[in-house]
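Here's the letter readout for the chains.
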Amino acid sequence: MTYSIAVAGCTGYAGGEIVRLAAGHPEISIGALTAHSNAGTKLGVHLPNLPQLGDRDVLDSTAKNLSGHDVVFLALPHGASAKVAAELADDVLVIDCGADFRLRDADQWRKFYGSEHAGTWPYGLPELPGARQQLRWAKRIAVPGCYPTTVTLTLLPALVSGLITGHDVTVAAASGTSGAGKAAKPHLLGSELFNSLSAYGVGGVHRHVPEILQNMALLGAVAPTVSFTPMLAPISRGILAVVTAPISGHGAEAVQQVYRDTYAEEPFCTVLPADQWPASKSVLGSNGFQVQVTVDESAGRLVAVGTLDNLTKGTAGGAIQAMNLALGLPETAGLSTIGVAP
């Protein structure tokens, strides 16, 4: 059976990545492609990497244009998805790549996003314990943020095994500029960005903080705390996160074995060989996540480094992976861990 999909926000980075992956998915046919600000243009103007779809018309992102499909992907700014989703039929699988339905705590949503909470949908990170059962046959799915996906997968084996408690976790993570979206912004100009690293959202104010804490609690942390410092790297795509947390009584080899055992059956998660450390270029364009871990014995801290492509596993690939589960398809359909090098 072939499923028809529509993509709202198809000319943005996340929406464009969904279209790219969908074009190679064996069970998908691409229906309406919409983008409010670019309606009336041809897709090829925005996605020249997909010449086979270049003549497709970009439609306006209305419920009418999005209706009549089996699956609708919403790659829209936060706050925009809820209204569109409410106008779509209950039997349509709606997958939101924005933030609108990720958080369970309405107060945290209001604090970090400054608007009313739209609700909570099943969370589209299959690797979380119990998540696959929630995603199978779901009709509404909230795709995680790219930083929370990276940090959660980097911490997951240590938390579920009890190696760490989730207290006093620190994260320093660098992301490519595509994570900021496609809209023109002065700080993303080439002359501002090249040859420079910069921090932003410093001091616990980044909107992904409550989502990271929510996931840590789902992994068994009691009253978790995290100091999260995101950075902007002069690359187009990719995230690399360095995560540390207090640990005692465990050496590097034992911790590495816990990570290998935890991810042994996960199709998209790879624990690298000892002494090999993740690099963002290794997962470029793939749905893969790579991690390595050790113990800083002098500081008494676990040190884990994880990387993924923020547009693929961090957004669009994660959305396709969740869609596969919801439709009863093989979870790996249309996805790959093969990166692009150099």
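So, here's what we can say about the structure. (Residues numbered from 1 in each chain as written. Predicted model: local features only at pLDDT ≥ 70, side-chain atom pairs only at ≥ 80, totals over all residues. Heavy atoms only, no water.)

**Thoughts on the packing of aromatic side chains**
Here's step 1: In the structure shown here, the tally under the stated rule is four aromatic pairs.
Here's step 2: Considering the side-chain rings of Phe 101 and Trp 121, the 3.7 Å spacing of their centres and the 5° angle between planes classify their relative orientation as stacked. With Phe 101 in the loop between β4 (93–96) and α5 (106–113) and Trp 121 in the loop between α5 and α6 (131–135), this residue pair connects regions lying 20 residues apart in the sequence. In terms of burial, Phe 101 and Trp 121 fall into one category: buried. (Phe/Tyr/Trp six-rings, centres within 6.5 Å; stacked < 30°, edge-to-face > 60°. Helix = DSSP H or I, 4+ residues; strand = E, 2+ residues; numbered from the N terminus. Buried < 20%, exposed > 50% of the residue type's maximum accessible area, 1.4 Å probe, protein only.)

**Description of the pattern of salt bridges**
Here's step 1: Tallying each qualifying case throughout the model produces 12 salt bridges.
Here's step 2: For Lys 83, the salt bridge is made with Glu 87, and the minimal N-O distance between the two is 3.1 Å.
Here's step 3: Judged by its relative accessible area of 44%, Glu 87 is partly exposed.
Here's step 4: For the salt bridge of Arg 301 with Asp 168, the shortest nitrogen-to-oxygen distance reads 3.1 Å. (Salt bridge = Lys/Arg side-chain N within 4 Å of Asp/Glu carboxyl O.)

**Overview of the sheet that holds strand β3 (residues 71–74)**
Here's step 1: With parallel pairing, the five strands of this open sheet are ordered in space as β2-β1-β3-β4-β5. Either end of the sheet is taken by a strand with one partner, and the two such strands are β2 (28–34) and β5 (140–142). Each strand of the sheet is rotated relative to its neighbour by a mean of 20°, with strand direction disregarded.
Here's step 2: Examined bridge by bridge, β4 and β5 share three bridges and lie parallel to one another. Bridging across to β5, Ile 95 finds its partner in Ile 141. (Pairing = 2+ DSSP bridges. Axes fitted to C-alpha atoms, helices over the stretch in contact; angles between N-to-C directions.)

**Focus: the state of the cysteines**
Here's step 1: A full pass over the atoms with the stated rule returns zero disulfides.
Here's step 2: Residue Cys 97 stays outside any disulfide, its sulfur separated by 11 Å from that of Cys 146, the closest cysteine.
Here's step 3: Here Cys 97 falls in the buried class, since its relative accessible area comes to 9%.
Here's step 4: Between Cys 269, a free cysteine, and Cys 146, which holds the nearest cysteine sulfur, the sulfur-to-sulfur gap is 16 Å.
Here's step 5: According to the relative accessible area criterion, Cys 269 is buried, its value standing at 5%. (Disulfide = S-S within 2.5 Å.)

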